[in-house]
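# Examining the three-dimensional arrangement
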Amino acid sequence: MSTDISSQSQNTQPDGRVLLVGCGNMGFAMLKGWIEQGTPANRIDVVEPNDDLRQRAAGTGASVHADVADIIDGEAPAMAIIAVKPQMMARVLAAYKPFAAAGTTFVSVAAGTLLGTIEGALGQGSAVIRCMPNTPAAVGKGMMVCCANEAVTDKARAVCETLLSSSGSVAFVEEERLMDAVTGVSGSGPAYVFHFIEAMAEAGVKSGLPEELSKELAIQTVYGAAAYARSSDEDPGQLRSNVTSPNGTTAAALDVLMGTGRLRELVAEAVEAAAERSRELSRD
Ligand SMILES: NC(=O)c1ccc[n+]([C@@H]2O[C@H](COP(=O)([O-])OP(=O)(O)OC[C@H]3O[C@@H](n4cnc5c(N)ncnc54)[C@H](O)[C@@H]3O)[C@@H](O)[C@H]2O)c1
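Report follows, based on the coordinates.

Rules behind the numbers
- Residues numbered from 1 in each chain as written.
- Predicted model: local features only at pLDDT ≥ 70, side-chain atom pairs only at ≥ 80, totals over all residues.
- Heavy atoms only, no water.
- Salt bridge = Lys/Arg side-chain N within 4 Å of Asp/Glu carboxyl O.
- Helix = DSSP H or I, 4+ residues; strand = E, 2+ residues; numbered from the N terminus.
- Buried < 20%, exposed > 50% of the residue type's maximum accessible area, 1.4 Å probe, protein only.
- Core = buried A, V, L, I, M, F, W, Y, C linked by side-chain atoms within 4.5 Å.
- Contact = heavy atoms within 4.5 Å.
- Pairing = 2+ DSSP bridges.
- Axes fitted to C-alpha atoms, helices over the stretch in contact; angles between N-to-C directions.
- Parallel < 35°, antiparallel > 145°, perpendicular 65-115°, else oblique.
- Left-handed = near helix turned anticlockwise from the far one by under 90°.
- Nonpolar A, V, L, I, M, F, W, Y, C, P; charged D, E, K, R; others polar.

### A short note on the pattern of salt bridges
It is possible for side chains of opposite charge to pair when their charged atoms get near one another. This structure, assessed with the given rule, holds 10 salt bridges. Here Arg177 and Glu175 are joined by a salt bridge, their closest N and O atoms 2.8 Å apart. Across the salt bridge formed by Arg279 and Glu276, the nearest N and O atoms sit 2.9 Å from each other. Residue Arg279 and its partner Glu276 are located together in helix α12 (residues 263–283), separated by 3 residues, close to a single helical turn. Owing to a relative accessible area of 26%, Arg279 belongs among the partly exposed residues under this scheme. Counted as one network, the salt bridges with shared partners bring together Glu272, Glu276, Arg279 and Arg283.

Have a look at this one:
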């Protein structure tokens, strides 16, 4: 599903500034990732109306603005990343139409907002990429999945990949409908994993561990297992099997987790619920 465009010989740095619109949970996670991974802060503008969040963004060195009016008469950015709530997209995008007309490529991270809806709000023929990131982007370990409309040039696609890859892994899908399932797995996924960490830590306490120690064991176990799965040639099923001695402690636990109607079914149900909510948002 990924498109490897990073090997193209053309320059994939943006020919201009990068604009981030909305610097809440997801916007700030991406901003932090870009800057920590080397994107120069002095090339980034942020529009964020909330005073505290704008100050937080300013702390990265980016130029911050309370309102689009502060920048709309200036140079159009090469790329504008829109990270506001899906319900606000139409109103917010309308204010950025001049940039779209001037050739800015827009990257929307809004769940469930279709490429056609975004293009409609910015003006027909506008270049739009839909992206589903996740918050581990804040530490350079995000998963960003993108889908571009026909107006996006190969150069803009490559520039988008370069920018986003400073926050983690990037993949492109050609079929937009896949973005709903992507949202259910990697977009919302960190919340499932954080919940699993909470559950492991609570279970440790119930089994007699001190709270802080139990939390540390839960976090380090998830972190270590993910890092191992990432670097290993063996698939996760084999890695699980390697932990599981016949009739041992892990087997006793997996008898509980892998029973009929247990974790696999529960996760499938949760992922499908998120994907269905993404489809619903696209119909709003
Ligand atoms: N949080 C996640 O894990 C996550 C993951 C993937 C995608 N997303 C998507 O990211 C988007 C933002 O989600 P969030 O969780 O960061 O929400 P959030 O509420 O934390 O952030 C949205 C920000 O937009 C700002 N805003 C409101 N009006 C604005 C305007 N006119 N101009 C500029 N900024 C404005 C708000 O002040 C707020 O800080 C959503 O569309 C969501 O679907 C979020």
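Moving on from the coordinates now.
### Remarks on the nonpolar core
Residues Leu31, Trp34, Ile81 and Leu164 are the most contacted members of the largest nonpolar core, which totals 34 residues. Put simply, the parts of the chain that give this core at least two residues each are β1 (18–21), α1 (25–36), β2 (44–47), β4 (79–82), β6 (128–132), β7 (142–148), α6 (154–165) and β8 (168–172). Leaving out residues up to four positions away in the same chain, Ile81 has contacts with Val18, Leu19, Leu20, Val21, Met30, Trp34, Val107, Val109 and Leu163. Ranked by size, the runner-up nonpolar core spans 28 residues in total, among them Val21, Ile118, Leu122 and Val128.

### Examining the sheet that holds β1
The strand order across the open sheet built from 8 strands is β3-β2-β1-β4-β5-β6-β7-β8, with neighbouring strands paired in mixed fashion. Here the strands that pair on one side only, and so sit at the sheet edges, are β3 (63–65) and β8. Shown here is a sheet whose adjacent strand axes are inclined to one another by a mean of 20°, direction ignored. Examined bridge by bridge, β4 and strand β5 (residues 105–108) share 4 bridges and lie parallel to one another. Residue Ile82 lies in a different strand from β5, and its bridge partner there is Ser108. Here helix α5 (residues 115–122) sits on the sheet in contact with β5, β6 and β7, set at roughly 135° to β6.

### Quick look at the packing of helix α7 (residues 178–187) against α12
Axis separation between α7 and α12 bottoms out at 8 Å; the angle between their running directions is 135°. In terms of their interaxial angle, α7 and α12 are classed as oblique. Along this stretch, α7 crosses α12, giving a crossing that reads as right-handed. Of the residues in α12, those in contact with Asp180, Ala181, Thr183, Gly184 and Val185 of α7 are Val271, Ala274, Ala275, Ser278 and Arg279. Tallied by class, residues from the contact of α7 with α12 come to 5 nonpolar, 3 polar and 2 charged.

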